[in-house]
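Chain by chain, the residues:
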Amino acid sequence: MRKLTDNEAGAGLNSVASGMGDSLSHESAVKHVTGEAQYVDDILEPVDLLHVATGQSTIAHGRIKSLNLDAVRLAEGVVDVITVSDVPGDPDVSPVYTGDMILASAEVVYIGQPIFAVAAISLELAKRACMQAKIEYEELEAVLTPQQALANEAFVLPTRSFVKGDVDEAIESADHVVEAQLYVRGQEHFYLEGQISLALPTEDGGVHVISSSQHPSEVQKLVASVLGINIHQVQSETRRMGGGFGGKESQAAVLACTASLFAIRNGRSVKYRLPRQDDMVQTGKRHDFWNRYRAGVTDQGVIVGVQMELAGLCGCTADLSEGIVDRAMFHADNAYYYPTTRIDGYRCKTNTVSNTAFRGFGGPKGMIAAESMMDDIARKVGRDPLDVRLENLYAPGRDETPYGQKVEQHMLRDMMEKLAGDADYRDRRNAILAFNKENADLRKGLALTPIKFGISFTSTHLNQAGALLHIYTDGSVHINHGGTEMGQGLYTKIAQVVASTLGVSYERVMVSSTRTDKVPNTSPTAASAGTDLNGMAAQNAAEKIKRRLIEFVASDSGARSNEVLIENDMVMVRGESRSFDNVIKAAYMNRVQLSATGFYKTPKIHFDKETGKGHPFFYFANGAALSEVIVDGLTGEYRVSQVDILHDVGNSINPAIDIGQIEGGFVQGMGWLTTEELLWDDTGRVISNSPANYKIPTAYDVPEKFSVQLYNEPNREETIYQSKAVGEPPLMLALSVWCALRDAAASFSDYKFSPPMNTPATPEEVYYAISAAKEYSPQ
Amino acid sequence: MITVNYHKTCPNGQDLKLVINEQAVEVNESADTTALQYLRSNGLTGTKEGCASGDCGACTVMVGELNGGKVQFKTVNSCIVPIGQLAGMHIVTAEGLADQSGLHPAQDEMVACHGSQCGFCTPGFVMSLAAMVENGDPAKIETVQQGISGNLCRCTGYRPIVQAGMNALGRDYESRLQDPAFFKDTKSPSQGNVQQPLNESALREAMVQYPKASLIAGGTDLMLEVTQRYQHFERLIDVSRVMELRSITETQDTYCIGASVTYTELERFFAQRSQSLVSLLHRLGSRQIRNCGTIGGNLANGSPIADMPPVLICWGATVELCTSSGQTRGVSINEFYRGYRQTVLQADEYIAGIRIPKRSLDSFARFYKSSKRIEDDISSVMGAFLFQGDGSEITAARIAFGGMAATPVSLPGIEDILVGKTINKRLLSEVGEAIGEMMSPMTDVRASAEYRAAMARSMLERALNEFSGVSKPLVMELKLHA
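Because the structure is predicted, anything quoted here is derived from the model rather than measured.

Draft legend 1. Examining the overall build of chain A more closely. Scanning chain A from terminus to terminus reveals 19 helices and 29 strands. Here the C-alpha radius of gyration of chain A, 28 Å, is about what a compact globule of 779 residues would show, namely 28 Å. Its C-alpha atoms put chain A at 95 × 75 × 50 Å along the principal axes. Split into buried and exposed, the 779 residues of chain A put 62% on the buried side. Considering only intrachain contacts with a sequence separation of at least 6, the fraction spanning at least 24 residues in chain A is 80%.

Draft legend 2. Quick peek at the domain arrangement of chain B. By domain assignment, chain B separates into domain 1 (16-183) and domain 2 (363-477). The distance between the C-alpha centroids of domain 1 of chain B and domain 2 of chain B comes to 39 Å.

Draft legend 3. Local environment of the pairing of strand 13 (residues 289-297) of chain A. All names here are of chain A. Most of strand 13 sits out of view: seven of its nine residues are buried. Note: strand 8 (residues 176-184) against strand 13, nine bridges, orientation antiparallel. In the strand pairing of strand 13, Gln181 is matched with Arg292. Alignment of strand 13 against strand 14 (residues 303-315), held across nine bridges, turns out to be antiparallel. Paired with Gly296 across the bridge in strand 14 is Gly305.

Draft legend 4. Layout of the interface of chain B and chain A. On the chain A side, the residues contacting the 67 residues of chain B number 65 residues. The element that contributes the greatest number of residues to the side of chain B that touches chain A is helix 17 (residues 449-467) of chain B, accounting for six residues. In terms of residue class, the side of chain B that touches chain A is built from 32 nonpolar, 21 polar and 14 charged.

Draft legend 5. Region of the structure containing unusual backbone geometry. Of note, the amide linkage connecting A:Thr759 to A:Pro760 takes the cis form, showing an omega dihedral of 0 degrees. Its place among the elements puts A:Pro760 in the loop between helix 18 (735-746) and helix 19 (763-775). Here the phi dihedral of A:Asn521 falls at roughly 55 degrees; this positive angle occurs in a residue that is not glycine. Of note in this structure, B:Asn21 is not a glycine but carries a positive phi near 45 degrees.

Draft legend 6. Structural context of the packing of helix 10 (residues 363-381) of chain A against helix 11 (residues 385-392) of chain A. Residue and element names in this part refer to chain A. Direction vectors running N to C along helix 10 and helix 11 enclose 115 degrees, while the axes themselves pass 8 Å from each other. For the element pair helix 10 and helix 11, the recorded crossing hand is right-handed. Residues Met374, Asp375, Ile377 and Ala378 of helix 10 pack against Pro385, Val388 and Arg389 of helix 11. Of the residues belonging to the contact of helix 10 with helix 11, the class tally is five nonpolar, no polar and two charged.

Draft legend 7. Expanded view of the sheet that holds strand 19 (residues 409-410) of chain B. Residues and elements named next belong to chain B. Within the open sheet, the four strands sit side by side as 16-17-18-19. Their pairing is antiparallel. Every interior strand has two partners, whereas the edge strands, strand 16 (364-370) and strand 19, have only one. Sheet topology places strand 18 (residues 394-402) next to strand 19; two bridges connect them, and they run antiparallel. Paired with Phe401 across the strands is Val409, a residue of strand 19. Where helix 17 meets the sheet, it contacts strand 16, strand 17 (381-389) and strand 18, and its direction lies at approximately 30 degrees from that of strand 17.

Draft legend 8. View of the packing of helix 2 (residues 105-112) of chain B against helix 3 (residues 122-134) of chain B. All names here are of chain B. Where helix 2 meets helix 3, the axes come as close as 8 Å, and the angle between the chain directions of the two elements is 130 degrees. In terms of their interaxial angle, helix 2 and helix 3 are classed as oblique. Crossing geometry of helix 2 relative to helix 3 is assigned as right-handed. Judged by residue contacts, Pro105, Ala106, Gln107 and Met110 of helix 2 engage Thr122, Phe125, Val126, Leu129, Ala130 and Val133 from helix 3. Looking at side-chain class alone, the contact of helix 2 with helix 3 contains eight nonpolar, two polar and no charged residues.

Scoring rules and cut-offs
- Residues numbered from 1 in each chain as written.
- Chains lettered and ligands numbered in written order.
- Predicted model: local features only at pLDDT ≥ 70, side-chain atom pairs only at ≥ 80, totals over all residues.
- Helix = DSSP H or I, 4+ residues; strand = E, 2+ residues; numbered from the N terminus.
- Rg over C-alpha atoms; globule rule 2.2 N^0.38 Å.
- Buried ≥ 20, exposed ≤ 12 C-beta atoms within 10 Å, placed from the backbone.
- Contact = placed C-beta atoms within 7 Å.
- Domains from an automatic or database assignment.
- Pairing = 2+ DSSP bridges.
- Nonpolar A, V, L, I, M, F, W, Y, C, P; charged D, E, K, R; others polar.
- Axes fitted to C-alpha atoms, helices over the stretch in contact; angles between N-to-C directions.
- Left-handed = near helix turned anticlockwise from the far one by under 90°.
- Parallel < 35°, antiparallel > 145°, perpendicular 65-115°, else oblique.

Here is the structure:
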């Protein structure tokens, strides 16, 4: 018999804290700071490695008349050149519907669309070779804005509506009507690590693809489909991403497919990494939305009916836009009760890159319409915006959403009142009113906004997860699960869940690369659901093994199962305790299976796309933020001076990680709404195509006073440790900054007028909002 | 600890020596190989490429120089620094900070404060924080913010990183990296495909010998040709070590700023001389860019949105040019620009320095920058204003703008209107209208033409209001960097 590892030699496994509920460091924190954490581009390069670059369309819409790649093929360092006709399998790499081609065929549909791909011995040579192509086009008319698409009825998918009651009648008979439109610009993900895939050919005619992807299973499926081979011939692996934010949910696959195709054709390993500018031009972003709304309200500002039209700029294909525009519609109420409503969601087809998932997944676009409307109502009826918001919150009896689901956990009133009290909303409001009366140019603004974000994939089938747990004979524990690590701390939380379920120390548990040959058929790590889904699956696996261990110990010592307790790395039965390691060794010797799979599917959820009714969300995550700004009326420049946040994560599995998600999400949302201006020129070219002209926040933009508190109330639904999802919701807390800026602008009309202010609220946009407020004069 | 697979041979006899993570190495690379490319292809993959354009800081490394027997560290964007420019210096990367005794304070605090999430930007942040620790900078929020102004993080929202910086700077720490002995085997400067002349006569010789070679100073603009447009430079002449160009000298009535003086050095020199300029410099580029970028480079690239020219126009500066044969000429900054990205600089000329009359620093000055983001952003409009008088009446005025035309421009027409006038609402609207008539800016990714015109008016109005005491300085009130 082989010798089992001696327990005493297994150093570092002696600590007993499972870490559940503790602020443990990110599992890779030390590797991050020493540079040892390996990203795809850091993997030691195989000697036969080829690098990929693509030649891209220079027009927004047209037919390719001629494509001459002779000079490309002859260029220095070039090994292989492909077009779409070289694809042995299916060239369509769409995630859900169709239309996303690996390379353009006869027609090009956006500027930057890859037409051909080059594999060369270095990235520089591949890039230089691409410049040698001669392409002639026949230009066709391009549709570039949601307004044009609506006029042309150009949609990637059919329009959907949520209807509740007779909204027209309600609005017509209301005391007041507010009506506005709002252009909400998209957002570039700007994950610090650009898109990248490394494909290594295998002896089975398949590939091992290592990619920076939120969805390794989809990468695996699409690589197989492009190559025309079976899914089991492809292993797809992701250890970590240098940021994802939704941008690597569907967008990573095309790189993996292209690299794999070259790998198979040439029998060589192939890396496809997008330089920053290509990434910013060639990959999808957050959708622009053109929102229009009309609301009828009482004299007190209570809503009687809301009609909204949300038009998302989807770009050239559907990608994930079905769900994204759905989610905008699902969140067009944010936290407010609409007694009657009609919400229409349009999926506009344009000759721009196909837009994709981005933290919030359409939700922020619906919510901003609701929040903008709240401020309009407050100014219309002359009440404090906070009072109007409180008045319109969902409440018992006023709890049915436009899509039929009832809001069951009414916690926002308490959260908002607590935040307003703790952060002195009323006193600060009065101080600001006084300040603004005394100052001609400098003005302050204040806003407290809530968020209510639905948790679950709205495509019900995606709400499933798997895990694979092993305990080795030295007592060390190894977990794999279907989720991916993009910085959000998922691996850390999963290790906490496993340790706590097994009753062992956190240090004992190792989480390793997410691989499709470990856990198959997984869902993307998205929809904030990574921990909810994979945590439950991991717990399920841990419980299985724990049950086996308990039964083994019980039968071994003649006790009943309920007399066995595993806790703090010790196994206790009838007053006797044994070390976990000894029990594991004994279990192995007695042929107890020490490996298990886990599975989870979210209960209770259903949704009928045809009727627009159902129960799409398991629960809602809530939060509230209070932001204060100071604005220079002469230039529109501003600073965010104070932000206070109260956020609901249920029971926190790891408060440090949750606070990190809240702070980071908030600042990312603030960037979307302030400095980050995603711009195209009138030919359809992205002109915000580099970090030199697309500005995400720096440390200096973070509010001087920035406080985040957790609202410690356990989730009433059966989630992992009664926690709540935290990935996306905090991004939308930043709506308070936008509302505060608009509040400051409105002060120039003595709050009589709600000035139009599109997003992002750059100094320029704020300046024009102020100008509009200054020009306002009551009829 | 990762060991490095350094190139050991120098077939072309380039004999470029430097120190990487305490280890002396010899390097033989092409002129335009960046430090980042070199590090990553030699096993040091802890340093990341985020943008390859000096905008994100993921590639930040610490560079130590022996200065008067003392080691001084600065941070640079390794993605746009040719490795050849770093001859004789000590590059420290994230892999080289920790030792047997544990993590460097910057690393330790980043872990303790939960300063990393995805971790990709982290090595860059660690290096920016470590450089401050090594240089003994004070534990002040502004210091930390300035030190990481060129580091973008998309995950954390920065709060924990700033906290880590504060904690690290507050710790007692004995550095092993300050040892001058690291530099004993290094031979400075590079005389290979990156030429590093140490004085002007050597510079001229190099220019004569290699007439086609581009001059490089900070490289913060030039190197984008390599990393963004995939151009190749066979040879570069590095002016950043030319002694005369690196110095600031003064006569009785003039400051002469050498062309290779960096923005960071300008910040120090003008700290007690012009707070207005220092406030502007804090918004010009990031710390990493300011550590490399030079005043001469800001002029030589001919950009209409460069931030220094409007200031220099207001100060009545003269640009000193010199040919490779040593002929010098002085050109008024007003006459330096000929058109969009065109200057009077001839192919065989270099900028030697900029002369600034001392008395111009005595006047009331305001330098305003309009941009989407406060830090490290290119101006949509840059306005520079200089007034003399008693606060109500103006006896002399100079006004210049960047971003309003194909070149930086002065506005003598407005100056004429202002002189001899009392500041009041009528005057403000008169000059506001006049500016609108004189300028026709363009719309681009940074701002619309209308907003630019409005900003020119607003900036002038604010400058006049501050001059007359109606408004407090905006830098104070909005805290746009003090």
